[in-house]
Amino acid sequence: MTTQKRPRSIRIRLTLTYVVAMLVVLTVYAGVVYISVRGSLSQTLDRQLRDDFMWPEGMMTEEKLRELLRSENKQIGGEGSPWLQVWWRENGEEHLLGTYEAKSNPIPEAAQLARDAADGKIRTLSEMIPPYRILTGKTKVGSISLVIQVAKTEGPMRKYLRDLLLVLLFGLPLAVAIAGLGGYSLARRALAPVDRMAEQARLITAERLKERLPVDNPRDELGRLATVFNETLMRLESSFEHMRRFTADASHELRTPLTAMRSVGEIGLRGKRDSAAY
C-alpha cells in the first residue's frame, strides 16, 4: 500500500496550511463582498425606479397631459429625463406620452405589460441586451386614470459587478501569494530556534556533556523544550561523572593486589623449577 508523501519540512507544511486557510477565508470574503455589493446595487436600482415612478405624479396635471397630447412630439421632459411612458385610454382611444429616453430606447414588451401587468411590480427583461428593469403601475391625475411605466437599464450595474469580479479574481491569487510569502517568513522565524538547537545538539558528545542547547525565550514552548533537554543533559553529565569516579576508585582498589600477584608471578618465573614447584 502506498503512503501519501508529505513535505519533509515543517516550515513547508505550516506554510501550505496557512496558504490553504487564507485561500478559504479570502474566497469566502470575496464571495460575501460580491453578493453584498450586488444586492446593494440591485436595491438601489429598484429604489431609483420607484422614485422615477413618482416623478410624473408630482409634475403633471390633467391640463398638462392634454397639452402634451396635442403637441407634435408628445414628449415628456427633456433629454435628461428618465425612461418613462404614460398610457391612458379615453373615449375608446389609447394615448401614449414618453420621455426622450423612452423614445430613443423602445422596449417591445412595454405595451403588453401596460395592458396586462400594471400591478406596481418590478420585472427584469432578461432577453434584452443589456437587460432592463421595468415598473408598471396605475395612478390617477385629475379625472384621468393613467398607467405609468418607468424602466432602467442594468448595463451600468452589470459593468460595475463585472469590474468588481475581475478585481476579486485577479486580487485573490495575489493576496494568497503574499500571504504565502508572509506565512513562510513567519514559519522560518518561528522555527529558527529549532535549527539552532539542532546544530548545537550535533556538537554534544560524551566528551562534551557540558554543552547546552540555546534558550531564546524560556517562557515559550520551544524555550521550555530546550530547558527540559538541558536538564536531561545535566543529569547525564552527573551520571557520567559518577561513572568516572567509580571507575577510578575501582581501578585504584584493584591495582595493588594485581601488582602483588604480578610480582609474585614474575619472581616465580625467573628460576628453573619443576612442574610441582611451579
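Now for a description of the structure that goes with this document. (Residues numbered from 1 in each chain as written. Predicted model: local features only at pLDDT ≥ 70, side-chain atom pairs only at ≥ 80, totals over all residues. Heavy atoms only, no water.)

## Quick notes on the nonpolar core
One recurring pattern in soluble globular proteins: nonpolar side chains tend to sit buried together. Where we set the bar: Definition of nonpolar core: a set of buried residues of the types Ala, Val, Leu, Ile, Met, Phe, Trp, Tyr and Cys, connected through side-chain atoms within 4.5 Å. Think of it in three bands: with a 1.4 Å probe and only protein chains considered, a residue is buried below 20% of the maximum accessible area for its type, exposed above 50%, and partly exposed in between. Every helix listed is a DSSP run of H or I at least four residues long, and every strand listed is a run of E at least two residues long, numbered separately from the N terminus.
Residues Leu65, Val86, Trp88, Leu146, Ile148 and Val150 are the most contacted members of the largest nonpolar core, which totals 15 residues. It is strand β6 (residues 144–153) that provides the largest number of residues to this core, a total of four residues. In terms of nonpolar packing, the next biggest core, distinct from the first, is built from 11 residues, Trp83, Leu125, Ile134 and Ala151 among them.

## Concerning the pairing of strand β4 (residues 122–125)
Heads up, the rule is: In this analysis, strands are considered paired if DSSP registers two or more bridges between them.
When β4 meets strand β5 (residues 132–141), the two strands line up antiparallel, connected through four bridges. Across the sheet, the residue bridging to Leu125 is Tyr132, located in β5. Counting the residues between successive antiparallel strands, the hairpin from β4 to β5 contains six residues.

## Brief notes about the sheet that holds β4
Paired through backbone hydrogen bonds, the strands of a sheet run either parallel or antiparallel to each other. The sheet built from six strands is open, its strands ordered β1-β3-β2-β6-β5-β4 with mixed pairing. If you trace the sheet from one side to the other, it starts and ends with β1 (75–76) and β4, each paired once.

## Considerations on the side chain of Arg11
The criterion, for reference: The contact definition used throughout considers only heavy atoms, calling two residues in contact when any of these lie within 4.5 Å.
Within the secondary structure layout, Arg11 lies in helix α1 (residues 10–59). When its relative accessible area of 17% is taken as the criterion, Arg11 is described as buried. Apart from residues no more than four positions distant in its own chain, Arg11 is found in contact with Tyr184, Ala187, Arg188, Leu191 and Asp195.

## What about the environment of Arg50?
Residue position: Arg50 is located in helix α1. On the basis of relative accessibility, which here comes to 42%, the residue Arg50 falls in the partly exposed class. Counting along the chain gives 72 residues from Arg50 to Ile122, while the straight-line C-alpha distance between them is 9.0 Å. Look past the residues within four positions of Arg50 in its chain and what remains in contact with it is Gly120, Ile122 and Leu135.

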